[in-house]
Amino acid sequence: MKFHVPDMTCNHCVQSITKAVQSIQPEAVVVCDLTQHMVEIGDLAQAAPVTPEQLIEALDEIGFEATLVQANA
């Protein structure tokens, strides 16, 4: 899944976002592109998959507005 996170501006933001995502999905691979303000979250194959809404809520709780750009195929 890919999300646009316009408030992500530094490496501290990247660390916070990664920590928030991995708190609800420990196996998630989080790749952040600061220049494009994009967050790609992969490797979510589990018995109880995480929804885009859950990820958006997790980021909202730490102060980041996220918009889903691309869902998993």
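All of the points below concern the structure found in this document. Everything numeric here is computed off the predicted structure, so don't read it as measured data.

What counts, and where the lines are drawn
- Residues numbered from 1 in each chain as written.
- Predicted model: local features only at pLDDT ≥ 70, side-chain atom pairs only at ≥ 80, totals over all residues.
- Heavy atoms only, no water.
- Helix = DSSP H or I, 4+ residues; strand = E, 2+ residues; numbered from the N terminus.
- Expected span 1.5 Å × (residues − 1).
- Buried < 20%, exposed > 50% of the residue type's maximum accessible area, 1.4 Å probe, protein only.
- Arc of directions from axis to C-beta.
- Axes fitted to C-alpha atoms, helices over the stretch in contact; angles between N-to-C directions.
- Parallel < 35°, antiparallel > 145°, perpendicular 65-115°, else oblique.
- Left-handed = near helix turned anticlockwise from the far one by under 90°.
- Contact = heavy atoms within 4.5 Å.
- Nonpolar A, V, L, I, M, F, W, Y, C, P; charged D, E, K, R; others polar.

### Topic: helix 1 (residues 11–24)
Then, number 1: A rise of 1.5 Å per residue sets the reference length of helix 1, with its 14 residues, at 20 Å; its end C-alpha atoms lie 21 Å apart and thus fit the reference within 8%.
Then, number 2: All buried positions along helix 1 are accounted for by Cys13, Val14, Ile17, Thr18, Ala20 and Val21. Considered in projection along helix 1, the buried side chains sweep an arc of 165 degrees and stay on one side of the axis. Of the exposed residues in helix 1, the ones pointing more than 90 degrees away from its buried face are Asn11, His12, Gln15, Lys19 and Ser23.

### Remarks on the packing of helix 1 against helix 2 (residues 52–61)
Then, number 1: Contact geometry for helix 1 and helix 2: axes closest at 9 Å, N-to-C directions at 135 degrees. The pairing of helix 1 with helix 2 is recorded here as oblique in orientation. The chirality of how helix 1 crosses helix 2 is right-handed. Where helix 1 abuts helix 2, its residues Ile17, Ala20, Val21 and Ile24 lie against Gln54, Leu55, Ala58 and Leu59.
Then, number 2: Taken together, the residues of the contact of helix 1 with helix 2 break down into seven nonpolar, one polar and no charged.

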